[in-house]
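Architecture at a glance
Chain residues, written in single-letter form:
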Amino acid sequence: MKFTLTASGENKINKIVNALIQKTKEELKQTIDGPVLDNVVKHTPDRSQEAYFLSSGISDTGVSWNKVDPQRGFIKEGFKTLREGIKLQKSIIKDENNIVSGVIEHTPEFSLSVGFGWLTKIGKQSLKKRSTTDADAGTETWSSLVWKWENGGTYTVRPRDYGSKLLKSVPEANGGFDSMEKTIQPWRMYYNGLNDSKAGIIEILKKSLKSKAQEFNN
Amino acid sequence: MPTITNIIPNVNNSLFYWLNTITYTKNSITGKISSHFPGINILLGFPSALEALKLPSISLVENSILPQSNEVFGEYRKMITFPFTIWGFAGSKDDDGKNKYERDTLKNDLRFLLEKTYFINIYDFPESLEPDFNTVSTDVEIMNIKTYNIPITGTNKVDRYRFAVDFDLLYYWNIDLT
């Protein structure tokens, strides 16, 4: 037996489908920008952990360093902490062939916004502020900083001034070493945050779509 | 007959043992992962100093445990999930194309091994990384396998040819609450 929908029947079904897709998009955006990113933040290093892991490293002479220089080593003025940055991210909702998906983009700009600064010695007494967004800071290194926090990664720091040496804890200064290698361990912030959220997202969407669909029963 | 004392502390070691000893055939050669990728490092835990890592390497890392739902009464089978990632670091060759090939073959071999293995035996590890085969083994199921390349995360060679294999080990545990 074959049934054919009337034009008005088809219109009605399209209207319901479109309303449900729209509702899914709204609900998904609210869920990702709210509870999901909250869960991601729970797996994100706090300010002191950021300072510790960015300052730790091994020099070219094999000396390990795992302390933060409290005066000069890690200045967040002008930058967001990683937790602040992630909490302020906004999802992008896509709808391709009625498949709705939500994406949190990792742009180079986002990585640069969660960088840091430090003070370097430029004379016997003088200090100068430098940061990961300076033109000569090495864009390739710092524009993937969030990826390093997520998946682990390395960076090498060298003095910017010819002939100078590195201090132990900062990316460059006059001091003891020619270079320092740093490893950031993978924190899997997004991976773990999303895993924690999966069941909740499905539950929220189910409830919301059920309630929306019921509007068409009335 | 001795029984395994506890599943949870032995999952990591058992999986690591499996990774080091599983054999498979490729291009008419049967051998362990270390035979198909000579010189490979197989590590337990993420390397502490990536820049010093010998390539190629793979490292087995247990991720944080997912929340479990247990709102039931009486006898039931509790499901415990152990989420793992195998991080892969290729890049032992001196050519970009060859390094990408090494990354992709290593990743695909690991995927193949996980897909074709339905369960992993769990043993006691009394004092070393060698299992005690006298313990009665139980097994855990492999599920939710996902492989992907990692975007370049730094300027060193170790950052350039990376991949990850995510998967879960599931263990069903009979619990009697009555």
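This one's a predicted model, so the numbers in the text were calculated from it and none came from an experiment. Here the residue numbering is sequential within each chain, running from 1 through the sequence in written order. Written order determines the labels here, with chains lettered from A and ligands numbered from 1. Confidence filtering applies because this is a predicted model: local features only for residues at pLDDT of at least 70, side-chain atom pairs given and counted only at 80 or more, and all residues used for totals across whole chains, interfaces and linings.

Along chain B, the regular secondary structure elements total 3 helices and 8 strands. Secondary structure elements of chain B occur, N-terminal to C-terminal, as α-β-β-α-β-β-β-α-β-β-β. Across the 178 residues that make up chain B, the buried fraction comes to 27%. Here contacts are defined at the residue level, using C-beta atoms placed from the backbone and a cut-off of 7 Å between them. Long-range contacts, defined as pairs at least 24 residues apart, comprise 62% of the intrachain contacts of chain B with a sequence gap of at least 6. Strands are runs of DSSP state E lasting at least two residues, helices are runs of H or I lasting at least four, and both sets are numbered from the N terminus onward. Here exposure depends only on C-beta density: within 10 Å of a residue's C-beta, 20 or more other C-beta atoms make it buried, 12 or fewer make it exposed, and intermediate numbers make it partly exposed, the C-beta atoms being placed from the backbone.

On to the overall build of chain A, then. Summing up its helical and strand segments, chain A has 7 helices and 8 strands in all. Counting the 218 residues in chain A, one finds 30% classified as buried. In chain A, 67% of the contacts between residues at least 6 apart in sequence involve partners at least 24 apart.

This part covers the interface of chain B and chain A. Contacts between the two partners involve 19 residues from chain B and, on the opposite side, 20 residues from chain A. In the side of chain B that touches chain A, the residues fall into 10 nonpolar, 7 polar and 2 charged. Gly is put with the polar residues, along with every residue not named as nonpolar or charged; the nonpolar set is Ala, Val, Leu, Ile, Met, Phe, Trp, Tyr, Cys and Pro, and the charged set is Asp, Glu, Lys and Arg.

All right, on to the pairing of strand β6 (residues 119-122) of chain B then. All names here are of chain B. A one-sided burial pattern is seen for β6, the buried positions being Ile120 and Ile122 and the unburied ones Phe119 and Asn121. Inspection of the sheet shows β6 paired to strand β7 (residues 138-150) by 4 bridges, in the antiparallel sense. When the sheet's bridge partners are listed, isoleucine 122 is paired in β7 with threonine 138. We call two strands paired when DSSP finds no fewer than two bridges between them.

As a further point, take the nonpolar core. Grouped together as the largest cluster of nonpolar side chains are 30 residues, with contacts concentrated most on Ile86, Trp87, Ile120, Val165 and Leu169 of chain B. Here this core takes 6 residues from strand β8 (residues 162-176) of chain B, the largest share from any one element. Each nonpolar core consists of buried Ala, Val, Leu, Ile, Met, Phe, Trp, Tyr and Cys residues. Their C-beta atoms, within 7 Å, join them into a set. Ile86, Val114, Trp187 and Met189 of chain A belong to the second largest nonpolar core, which has 18 residues in total.

Before going further, it helps to spend a moment on unusual backbone geometry. Of the consecutive residues leucine 55 of chain B and proline 56 of chain B, the connecting peptide bond is found in the cis state with omega at 0 degrees. With respect to the helices and strands, the residue proline 56 of chain B is situated in the loop between β3 (41-44) and β4 (57-62).

As a further point, take the confidence of the model for chain B. Predicted confidence across chain B gives a mean pLDDT of 86, with 84% of residues reaching 70 or more. Among the prediction metrics, the complex's ipTM stands at 0.79, with pTM recorded as 0.83. What pLDDT expresses is the predictor's confidence in each residue, scored from 0 to 100.

Another point: the sheet that holds strand β1 (residues 57-59) of chain A. Sheet architecture is open: 4 strands sit in the order β2-β1-β8-β7 (chain A), paired in antiparallel fashion. Only two strands of the sheet have a single partner each, and these edge strands are β2 (64-65) and β7 (153-157) of chain A.

Moving on, we come to the packing of helix α1 (residues 7-42) of chain A against helix α7 (residues 189-215) of chain A. Residue and element names in this part refer to chain A. An axis is simply a line fitted to the C-alpha atoms; with a helix, the fit covers only the stretch in contact. Between two such axes, the angle follows the N-to-C directions and lies from 0 to 180 degrees. For the pair α1 and α7, interaxial distance at closest approach is 8 Å and the crossing angle is 150 degrees. Regarding the angle of α1 to α7, the classification is roughly antiparallel. Crossing hand, α1 versus α7: right-handed. Grouping the amino acids of the contact of α1 with α7 by side-chain chemistry returns 13 nonpolar, 7 polar and 5 charged. Orientation categories follow fixed angle ranges, with anything under 35 degrees roughly parallel, anything over 145 roughly antiparallel, 65 to 115 roughly perpendicular, and all other angles oblique. Less than a right angle of anticlockwise turn of the near helix away from the far helix marks a crossing as left-handed, whereas a clockwise turn marks it as right-handed.

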